[in-house]
Amino acid sequence: RNAIPVGACDRSTIGRTVRQHASKPRSEKRTMRWANHKAIVATAVLQVVTGAVLMSPAVFLAPWAQAFHLAPETVRPEALPVILGFLTALAYDYLYAWLLSRQQVGTLRDSLMLTVALWVGVILIADFGHLSFARIGWQGIAINAIVRLVNGLWAGWILFRWRPR
């Protein structure tokens, strides 16, 4: 009674998409063409370097350490936080590149506005909640927010300029 005619799926968008996907070779189906992997890695490295510069004794180390209840002279660079920082930057940059490929981002301004929207809507809220719960001072929250915004703007600029076309 409610049978669908045999040829009905062939004329639908879903039918075309399934047939197009099925006709591609297996190696072509699982590629990540939406990502410029070199740009993503370069952006993650730049974000780690930017974080190191901003968290240096000459810039934000003393007020940041004070907000986190640490003595600035006891804060030493270590390998594990740098590696974790690089991996989280890499994850953020892949997510950002994926969002750029899925959204209608036609201009650099749109890309930077996407960065600000992510920063305000996700990153800032999560950091504020987490850091205020840990009783971190306003200076520490502000410094973390600035570092994250600068790194997000790097991602927005570089990944938009070097996105696959």
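Residues numbered from 1 in each chain as written. Predicted model: local features only at pLDDT ≥ 70, side-chain atom pairs only at ≥ 80, totals over all residues. Heavy atoms only, no water.

What follows deals with the nonpolar core. Residues Ile40, Tyr92, Tyr96, Leu100, Leu114 and Leu159 are the most contacted members of the largest nonpolar core, which totals 20 residues. At the level of secondary structure, the elements contributing two or more residues to this core comprise helix 3 (37-54), helix 5 (79-102), helix 6 (108-133) and helix 7 (138-161). By residue number, the principal contributor to this core is helix 5, which donates 7 residues. Once you skip the residues sitting within four places of it in the chain, Tyr96 turns out to touch Ser111, Leu112, Leu114, Thr115, Leu118, Ala155, Gly156 and Leu159. (Core = buried A, V, L, I, M, F, W, Y, C linked by side-chain atoms within 4.5 Å. Buried < 20%, exposed > 50% of the residue type's maximum accessible area, 1.4 Å probe, protein only. Helix = DSSP H or I, 4+ residues; strand = E, 2+ residues; numbered from the N terminus. Contact = heavy atoms within 4.5 Å.)

A few words on a nonpolar patch on the surface. A cluster of nonpolar side chains, namely Val41, Val45, Val49, Val53 and Val59, defines an oily patch on the protein surface of about 360 Å² accessible area. Along the chain, the position of Val49 falls in helix 3. (Patch = residues over 30% accessible without salt bridge, like charges linked within 9 Å, V, L, I, M, F, W, Y side chains within 5 Å. Areas by Shrake-Rupley, 256 points an atom, 1.4 Å probe, with all protein chains shown as cover. Salt bridge = Lys/Arg side-chain N within 4 Å of Asp/Glu carboxyl O.)

Let's shift gears to the packing of aromatic side chains. On inspection of all chains with the given rule, the structure shows 5 aromatic pairs. Plain terms: the ring middles of Trp34 and Tyr94 are 6.5 Å apart, the flat faces sit at 85 degrees to each other, and that makes the pair edge-to-face. On the criterion of sequence distance, the pair formed by Trp34 in the loop between helix 2 (26-29) and helix 3 and Tyr94 in helix 5 is long-range, its members being 60 residues apart. Judged by its relative accessible area of 23%, Trp34 is partly exposed. Residue Tyr94 is classed as partly exposed on the basis of its relative accessible area of 24%. If you follow Arg163 out to its NZ or CZ, it ends over the ring of Phe160, 3.9 Å from the centre. (Phe/Tyr/Trp six-rings, centres within 6.5 Å; stacked < 30°, edge-to-face > 60°. Lys NZ or Arg CZ within 6 Å of the ring centre and 35° of its normal.)

Even without being a glycine, His69 presents a positive backbone phi close to 60 degrees. Note on placement: His69 falls in the loop between helix 4 (61-67) and helix 5. A positive phi is found at Arg135, a non-glycine position, where the angle reads about 60 degrees. Note that Arg135 resides in the loop between helix 6 and helix 7. By relative accessible area, which is 69% here, Arg135 ends up exposed.

Applying the stated rule across the entire model yields 1 salt bridge. One salt bridge in this structure joins Arg148 and Asp127, with 2.5 Å as the shortest N-O distance. Highlighted residues: Arg148 in helix 7 and Asp127 in helix 6, separated in sequence by 21 residues.

Considering the arrangement of structural elements, one finds Ser111 in helix 6. Residue class for Ser111 comes out buried when judged on its relative accessible area of 0%. Setting aside anything within four residues of it in sequence, one finds Ser111 in contact with Tyr96, Leu100, Val105, Gly156 and Phe160.

Between helix 5 and helix 7, whose axes approach to 10 Å, the crossing angle comes to 50 degrees. Considering their axes alone, helix 5 and helix 7 lie oblique with respect to each other. As for the relative orientation of helix 5 and helix 7, their crossing is right-handed in sense. Along its contact with helix 5, which presents Tyr92, Asp93, Tyr96, Ala97 and Leu100, the element helix 7 presents Gly152, Ala155, Gly156, Leu159 and Phe160. Of the residues assigned to the contact of helix 5 with helix 7, the class counts are 7 nonpolar, 2 polar and 1 charged. (Axes fitted to C-alpha atoms, helices over the stretch in contact; angles between N-to-C directions. Parallel < 35°, antiparallel > 145°, perpendicular 65-115°, else oblique. Left-handed = near helix turned anticlockwise from the far one by under 90°. Nonpolar A, V, L, I, M, F, W, Y, C, P; charged D, E, K, R; others polar.)

Everything listed is a geometric property; what it means functionally is a separate question.
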